[in-house]
Amino acid sequence: MPKDTIERAIKRATSKEYSSAESVVYEGLGPHGTALIIECLTDNKNRTVKSIRNKFNKNGGSMAPVGYMFDKKGLIWFSSGEANDSLDSMFDNAIEAGAEDIEELGDGKVEIICEFSELQTVSKTLTG
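Throughout this description, residue numbers start from 1 for each chain and increase along the sequence as written. Reporting in this predicted model follows two pLDDT cut-offs: at least 70 for local features of residues, and 80 or more for side-chain atom pairs to be given and counted; totals over whole chains, interfaces and linings ignore these cut-offs and use all residues. Note: side-chain values were computed over all heavy atoms of the structure, leaving out hydrogens and water.

Peer 1: Just give me the short version of a nonpolar patch on the surface, but keep the residues and values in it.
Peer 2: Side chains of Val25, Ile37, Tyr68, Met69 and Phe70 sit close together on the surface and give an oily, nonpolar patch of about 520 Å² of accessible area. Going along the chain from the N terminus, every DSSP run of H or I of four or more residues is numbered as a helix, and every run of E of two or more is numbered as a strand. Of note, isoleucine 37 is situated in strand β2 (residues 35–42). To count toward a patch, a residue needs a relative accessible area above 30% and no salt bridge. Like charges then connect within 9 Å, nonpolar side chains (Val, Leu, Ile, Met, Phe, Trp, Tyr) within 5 Å. For the accessible areas, the method is Shrake-Rupley and the probe is 1.4 Å, while residue cover comes only from the protein chains on display. One side-chain nitrogen of Lys or Arg within 4 Å of one carboxyl oxygen of Asp or Glu is enough to make a salt bridge.

Rendered as structure tokens:
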């Protein structure tokens, strides 16, 4: 994609005339039955839905309800030393802050899963 096109898109998105943009969510089945949720920010819902539907059709998919297959979750990864705590104290702090699960991945990496609405709270609790 040309640099000028990217710069124009950024300039348009940050301008005041783009303040009428709406957030829309489309669901569908992609190739081989892959469930997709597509979140868009658009100033023209009709043009966007036409474009999304066209992409689904060209690639062997279809727009269909699939939201029931997903849960919106927050995911935090830490490397050893990023949070100045031991794994046990990190686990306790994460659970108190609202984390649902914490797992040691090896190589000093830790994965924390929480509700999406609690992502910032859990992250701040562990880093600060």
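Peer 1: I'd like to hear about the pairing of strand β4 (residues 73–79), residue by residue, with values.
Peer 2: We call a residue buried when its accessible area falls under 20% of the maximum for its residue type, exposed when it is over 50%, and partly exposed in between, using a 1.4 Å probe and counting protein chains only. The two faces of β4 differ: Gly74, Ile76 and Phe78 on one face are buried, but Lys73, Leu75, Trp77 and Ser79 on the other face are not. Note on pairing: DSSP must find at least two bridges between two strands before they are called paired. Here β4 runs beside strand β6 (residues 109–115); their pairing, made up of seven bridges, is antiparallel. When the bridges of β6 are listed, tryptophan 77 appears paired with glutamate 111.

Peer 1: Please set out helix α2 (residues 45–58) residue by residue, giving values where relevant.
Peer 2: To estimate the expected span of a helix, subtract one from its residue number and multiply by 1.5 Å. In this model, α2 (14 residues) spans 20 Å end to end at C-alpha, consistent with the 20 Å of a helix rising 1.5 Å per residue. For α2, every residue scored as buried is listed here: Thr48, Val49, Ile52 and Phe56. One side of α2 carries all its buried residues, which in axial view fall inside an arc of 95 degrees. Exposed residues lying more than 90 degrees from the buried face of α2 are Asn46, Lys50, Asn57 and Lys58. By definition, residues are in contact when any of their heavy atoms lie within 4.5 Å. Those residues of α2 that are buried are in contact with β1 (22–29), β2 and β3 (62–63). Pairs of N or O atoms are called polar contacts if they sit within 3.5 Å, as long as, within protein, a hydrogen donor faces a hydrogen acceptor (for residues adjacent in sequence, only side-chain-to-side-chain pairs). The distance from a side-chain oxygen at the start of α2 to the backbone nitrogen of asparagine 46 is 3.2 Å, and the residue carrying that oxygen is asparagine 44. Two residues or fewer past α2, glycine 60 is found with a positive phi of approximately 75 degrees. Each C-beta atom gives one direction from the helix axis, and the arc is the one those directions make.

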